[in-house]
Amino acid sequence: MNDLSFAVPLWVWVAVTAGIGVMLAVDLIAHRDNHVIGFREAAIWSGVWIAIGLGFGLILLAWQGGEASSTYYAGYLIEKALSIDNVFVFALVFSFFAVPDAYQHKVLFWGVIGALAARLVFIFVGAELLQVFFWTAYLFGAFLIWTGYKMAVSKDEEVHPDRNPVVRLVKKVIPTDPRFHGDRFFTRIDGKRIATLLFVVLVAVEATDLIFAVDSVAAVLAITTNTFIVWTANAFAVLGLRSLYFCLAGLLRRFQYLHYGLAVLLAFAGVKLILSETPVGKLPIPLTLSVIAVTITVSIAWSLLATRGGDGTEDTAKTPDTSPHHPERRPS
């Protein structure tokens, strides 16, 4: 498939990846005391991460021109939109395991590191497949359309984190204590090293995000197979996932129809990917940006209008429909 291509020196890859590492370190230091993150703090941090993500697009504009920048913004927007669906599932996982509010950021922090690693692998494998085997565009496109359909019709299905095969495997392989021990993933009981319930939660979050990683990377690859743009769009969108969770957790019940918009975006990405290997060719980036922006705006506005009599934001980001957390509370 024909695609945007430009040389990216190794030092640029190293510098950008190192910069992402520094941002993760800053975020870890800023929240090292495990305090409960309120809406105001989460909103400020979300603004910081979004500003950084948008700012990188301006760097691309100055370095490689408008096409590279607009392609990055299209990938960033679709990844940011899809990350909102991650927030829904994270809220369900935290609610199911009754994770204390003060420990949720630590789980999300290490979860994001795993998410970035998984996405990096999927990006290079997926881009290589699309470049070498043109027919994989039809497979990826069909997968995205099917995923969009499933998202549209299966939103009300219950999620059972404890039934996740990866979580069940961990419990069988690693001795696990079904309680929280502060913010520790491992502890010692009778001289034996034991995984805590918080580690099980981390595994559930990581396993869940692997599924999202496949969807989101495939969606951005439908826009471009330029690995540098796909990686940076994913990385800068995922960096703000923790703050986005704490910012939106109290509002999740108001986004009743957002999943329809996300389903449309996934299906659109699938159609776009398939068309790229037909005489129609690649759809123009301005059209892609417009479809993404309009779809997100309409689905969010529709949700907010339909729930305008509901609650506003809360000072602390509680997971929906949960009772007050206790550090030693066990999941039902």
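In short, a report on the structure. (Residues numbered from 1 in each chain as written. Predicted model: local features only at pLDDT ≥ 70, side-chain atom pairs only at ≥ 80, totals over all residues. Heavy atoms only, no water.)

Together, Val 121, Val 125 and Leu 129 line one region of the surface with nonpolar side chains, adding up to about 230 Å² of accessible area. One can find Leu 129 in helix 4 (residues 101-132). (Patch = residues over 30% accessible without salt bridge, like charges linked within 9 Å, V, L, I, M, F, W, Y side chains within 5 Å. Areas by Shrake-Rupley, 256 points an atom, 1.4 Å probe, with all protein chains shown as cover. Salt bridge = Lys/Arg side-chain N within 4 Å of Asp/Glu carboxyl O. Helix = DSSP H or I, 4+ residues; strand = E, 2+ residues; numbered from the N terminus.)

Let us look at the nonpolar core. Tyr 72, Ile 78, Val 201 and Phe 228 are the most contacted members of the largest nonpolar core, which has 95 residues in total. Counting residues per element, this core draws most heavily on helix 3 (residues 66-97), which supplies 17 residues. (Core = buried A, V, L, I, M, F, W, Y, C linked by side-chain atoms within 4.5 Å. Buried < 20%, exposed > 50% of the residue type's maximum accessible area, 1.4 Å probe, protein only.)

By secondary structure assignment, the location of Thr 307 is in the segment after helix 11 (285-306). Thr 307 sits 52 residues away from Phe 255 along the chain, and the two C-alpha atoms are 8.2 Å apart.

Any two side chains of opposite charge can pair if their charged atoms end up close together. Evaluation of the coordinates by the stated rule reveals 3 salt bridges. Between Glu 79 and Arg 119 there is a salt bridge, and its shortest N-O distance comes to 3.5 Å. With a gap of 40 residues between them, Glu 79 in helix 3 and Arg 119 in helix 4 connect regions that are remote in the sequence. Judged by its relative accessible area of 1%, Glu 79 is buried. Classification of Arg 119 by relative accessible area gives buried; the value is 2%. Among the ionic pairs, Asp 177 bridges to Arg 179, the shortest N-O distance being 2.9 Å. Note on Asp 177: relative accessible area 11%, which makes it buried.

A word on the packing of aromatic side chains. Evaluated as defined, the whole model comprises 14 aromatic pairs. Relative to Phe 228, the ring of Trp 63 lies with its centre 6.0 Å away and its plane at 85°, an arrangement referred to as edge-to-face. Within this pair, whereas Trp 63 is found in helix 2 (residues 39-64), its partner Phe 228 is found in helix 8 (residues 227-239), the two being separated by 165 residues in sequence. Relative accessible area serves as the criterion here: at 1%, Phe 228 is assigned to the buried category. Ring geometry for Tyr 260 versus Trp 302: centroids 6.0 Å apart, planes at 25°, classification stacked. Of this pair, Tyr 260 sits in helix 10 (residues 258-275) while Trp 302 is found in helix 11, placing the two residues 42 residues apart along the sequence. Overall, Tyr 260 belongs to the partly exposed group, its relative accessible area being 35%. (Phe/Tyr/Trp six-rings, centres within 6.5 Å; stacked < 30°, edge-to-face > 60°.)

Attention now moves to the pairing of strand 1 (residues 186-189). Relative to strand 2 (residues 192-195), strand 1 is paired through 4 bridges, and the arrangement is antiparallel. By the bridge assignment for strand 2, Ile 189 is matched with Lys 192. Between strand 1 and strand 2, which pair antiparallel one after the other, the connecting turn spans 2 residues, and Asp 190 there sits at a positive phi close to 55°. (Pairing = 2+ DSSP bridges.)

The next point concerns the packing of helix 3 against helix 9 (residues 241-248). Between helix 3 and helix 9, whose axes approach to 10 Å, the crossing angle comes to 70°. Relative to helix 9, the element helix 3 lies roughly perpendicular. By crossing handedness, the relation of helix 3 to helix 9 is classed as right-handed. Contact residues: Ser 83, Ile 84, Asn 86, Val 87, Phe 90, Ala 91 and Phe 94 in helix 3; Leu 241, Leu 244, Tyr 245 and Leu 248 in helix 9. Considering only residue class, the contact of helix 3 with helix 9 consists of 9 nonpolar, 2 polar and no charged. (Axes fitted to C-alpha atoms, helices over the stretch in contact; angles between N-to-C directions. Parallel < 35°, antiparallel > 145°, perpendicular 65-115°, else oblique. Left-handed = near helix turned anticlockwise from the far one by under 90°. Contact = heavy atoms within 4.5 Å. Nonpolar A, V, L, I, M, F, W, Y, C, P; charged D, E, K, R; others polar.)

Turning our eyes to something else, we now look at the side chain of Thr 224. Tracing the backbone through its elements, the reader meets Thr 224 in the loop between helix 7 (197-221) and helix 8. A polar contact is formed between the side chain of Thr 224 and the backbone nitrogen of Asn 226, at a distance of 3.0 Å. (Polar contact = N/O pair within 3.5 Å; in protein donor to acceptor, adjacent residues only side chain to side chain.)

This paragraph deals with the layout of surface pockets. Within this model, the second largest pocket holds a volume of roughly 250 Å³. Ile 50, Lys 80, Ala 81, Ile 84 and Ile 296 are, among the 14 residues lining the second largest pocket, the residues nearest its centre. Mapped onto the lining of the second largest pocket, the elements with two or more residues apiece are helix 2, helix 3, helix 9 and helix 11. Here the lining of the second largest pocket gets 5 residues from one element, more than from any other, and that element is helix 3. Of the residues assigned to the lining of the second largest pocket, the class counts are 12 nonpolar, 1 polar and 1 charged. (1 Å grid on protein atoms, 1.4 Å probe; cavity = no way out; pocket = protein on both sides within 12 Å on 5 of 7 lines; lining within 4 Å. Points joined across faces, edges and corners; volume = space filled by probe spheres on them.)

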